[in-house]
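Fold and contact review
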Amino acid sequence: MAVAATRDGAEFLLRAWGEPDAESLAAQANNRNVWSNLRSRFPRPYTIANARTWIARVASGHERGLQFAIDIDGIAVGGIGIDVISYNAPRLGEIGYWLGEDFWGRGIASKAVPLVCAQGFEKLALARLRAVVRDSNAASLRVLEKSGFALASKLRRSDRRPRSAVVEMVYVLDRTAAAAQWPAESPAGLIA
Ligand SMILES: CC(C)(COP(=O)(O)OP(=O)(O)OC[C@H]1O[C@@H](n2cnc3c(N)ncnc32)[C@H](O)[C@@H]1OP(=O)(O)O)[C@@H](O)C(=O)NCCC(=O)NCCS
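Below or above, wherever it landed, is the structure these notes cover. Since the model is a prediction, treat every value here as computed from it, not as a measurement. (Residues numbered from 1 in each chain as written. Predicted model: local features only at pLDDT ≥ 70, side-chain atom pairs only at ≥ 80, totals over all residues.)

1. As for the overall build of the protein
- The number of helices and strands found in the protein is six helices and eight strands.
- Computed over C-alpha atoms, the radius of gyration of the protein comes to 16 Å, within 12% of the 16 Å expected from 2.2 N^0.38 for 192 residues, which places it in the range of a compact globule.
- Projecting the C-alpha coordinates of the protein onto the three principal axes gives extents of approximately 45 × 40 × 35 Å.
- Classification of the 192 residues of the protein by burial places 32% in the buried group.
- Across the protein, every contact between residues at least 6 apart in sequence was considered, and the portion connecting residues at least 24 apart equals 61%. (Helix = DSSP H or I, 4+ residues; strand = E, 2+ residues; numbered from the N terminus. Rg over C-alpha atoms; globule rule 2.2 N^0.38 Å. Buried ≥ 20, exposed ≤ 12 C-beta atoms within 10 Å, placed from the backbone. Contact = placed C-beta atoms within 7 Å.)

Below, the structure is given as structure tokens:
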């Protein structure tokens, strides 16, 4: 799909998942610092079997939405995608994304999130996108804010541990707000 440059000038690609990605997917995803910030459906620990199941599921078209591997030099180093949450108007999608820890801080998510949002609005005809982020996840909050998302609500969820609670921030981006913020040539114009 789209090629974009990281902050240090290296290129990354958003492309379809394939069977050969299973090993690197499991290696990058099986990290507490990655999965502790993701929805509970993300396996923990993340095994090769989990990776193969995910890749087969996406390949079968079972996932409603869009799913891409984030590829650097032919290796899948992370994932980004949109699930369609509601087909009723206003049609809503939820974006999720992660990178192997070695690839954090290079500006990859800041480039990839707007690209995939643009695909969601165009290819899935979404009216609105949401993202659900823990309040402790400063990097992801920053990525969303830079991508034009706005805070819609905060949810306090009880954790399994006594006296602890997780605060989840729900961020939204409407198609009209995105169209107004993003110039025609970027990021929608970067889509192949
Ligand atoms: C969240 C995640 C995808 C970010 O990816 P990334 O490619 O490293 O992000 P970027 O480099 O594009 O941008 C990160 C931004 O957050 C900022 N940031 C990072 N850590 C920060 C911190 N502790 N406090 C404040 N800002 C921080 C960076 O400075 C950067 O902002 P800037 O461009 O204005 O300088 C990555 O950290 C990750 O995979 N985390 C685990 C999974 C996850 O949390 N997924 C999101 C679930 S909602």
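Text resumes after the structure shown.
2. A look at the site of the ligand
- Inspection of the region around the ligand gives 21 residues, with Asn 37, Ala 109, Ser 110, Ala 138 and Arg 142 positioned closest.
- Secondary-structure elements contributing two or more residues to the shell around the ligand are strand 5 (92–99), helix 4 (108–123), strand 6 (128–134) and helix 5 (138–146).
- Counting residues per element, the shell around the ligand draws most heavily on helix 5, which supplies five residues.
- Classifying every residue of the shell around the ligand gives 13 nonpolar, six polar and two charged. (Near = placed C-beta within 6 Å. Nonpolar A, V, L, I, M, F, W, Y, C, P; charged D, E, K, R; others polar.)

3. Focus on the packing of helix 1 (residues 22–29) against helix 3 (residues 48–59)
- It is the contact of helix 1 with helix 3, at a shortest axis distance of 8 Å, that shows an interaxial angle of 120°. Classified by the angle between their axes, helix 1 and helix 3 sit oblique to one another. Here helix 1 runs over helix 3; the crossing is right-handed. Contacts between helix 1 and helix 3 involve Ala 22, Glu 23, Leu 25 and Ala 26 from the first element and Ile 48, Asn 50, Ala 51, Arg 52 and Ile 55 from the second. (Axes fitted to C-alpha atoms, helices over the stretch in contact; angles between N-to-C directions. Parallel < 35°, antiparallel > 145°, perpendicular 65-115°, else oblique. Left-handed = near helix turned anticlockwise from the far one by under 90°.)

4. Describing the nonpolar core
- Ranked by internal contacts, the top residues of the largest apolar core, which has 43 residues, are Ile 70, Ile 95, Ala 112, Val 113, Val 116 and Cys 117.
- The greatest single-element share of this core, amounting to nine residues, is contributed by helix 4.
- Among all residues touching Ile 95, those that are not within four sequence positions of it are Ile 82, Val 113, Val 116, Cys 117, Leu 129 and Ala 131. (Core = buried A, V, L, I, M, F, W, Y, C linked by C-beta atoms within 7 Å.)

5. Let's talk about the environment of Gly 148
- With respect to the helices, strands and loops of the structure, Gly 148 is situated in the loop between helix 5 and strand 7 (150–158).
- Expressed as a C-alpha distance, the spacing of Gly 148 and Ser 24, which sit 124 residues apart in the sequence, is 31 Å.
- With residues up to four places along the chain from it excluded, the contact list for Gly 148 reads Leu 173, Ala 177, Ala 178 and Gln 181.

6. Examining helix 5
- Regarding helix 5, the residues found buried are Ser 140, Val 143 and Leu 144. Buried positions in helix 5, seen along its axis, are confined to an arc of 95° and lie on one side of it. When the buried face of helix 5 is taken as reference, the exposed residues oriented beyond 90 degrees from it are Ala 138, Arg 142 and Glu 145.
- Its buried side turned inward, helix 5 meets helix 4, strand 6 and strand 8 (165–174).
- Two residues or fewer past helix 5, Gly 148 is found with a positive phi of approximately 100°. (Arc of directions from axis to C-beta.)

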